[in-house]
Amino acid sequence: MVNGLERSRISAEKLRLQYEDGFAAAKMAIVKEVRESFREYPEIMDKVCEIVEESTRKIEERIE
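Residues numbered from 1 in each chain as written. Predicted model: local features only at pLDDT ≥ 70, side-chain atom pairs only at ≥ 80, totals over all residues. Heavy atoms only, no water.

### Points about the overall build of the protein
In terms of helices and strands, the protein carries two helices and zero strands. Counting only residues that meet the buried cut, the protein has 11% of its 64 residues in that class. Counting only carbon and sulfur atoms, one obtains 57% of the accessible surface of the protein, whose full area is about 5,700 Å². (Helix = DSSP H or I, 4+ residues; strand = E, 2+ residues; numbered from the N terminus. Buried < 20%, exposed > 50% of the residue type's maximum accessible area, 1.4 Å probe, protein only. Areas by Shrake-Rupley, 256 points an atom, 1.4 Å probe, with all protein chains shown as cover.)

Rendered as structure tokens:
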């Protein structure tokens, strides 16, 4: 029974890490695409980056 619980905990931890990796990769892809789109408008890009950081921080807090 103890071994089964430990395997379950390890599986849950692996799943959490995979989710975090996927979330980070998606965030970076979005930021890269937006950055390229707003290359000529750095002031807008700065504001967009602030919004993205704030939004993703809120999502990460809910996940934890």
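### Structural notes on the pattern of salt bridges
Within this structure, the stated rule accounts for one salt bridge. The shortest N-O distance in the salt bridge between E50 and K47 comes to 3.9 Å. One end of the pair is E50 and the other is K47, both in helix 2 (residues 42–63) and three residues apart, which spans about a single turn. Judged by its relative accessible area of 49%, E50 is partly exposed. (Salt bridge = Lys/Arg side-chain N within 4 Å of Asp/Glu carboxyl O.)

### Remarks on the environment of E53
Counting through the fold element by element, E53 comes out in helix 2. Exposure remark for E53: the relative accessible area of 41% places this residue in the partly exposed category.

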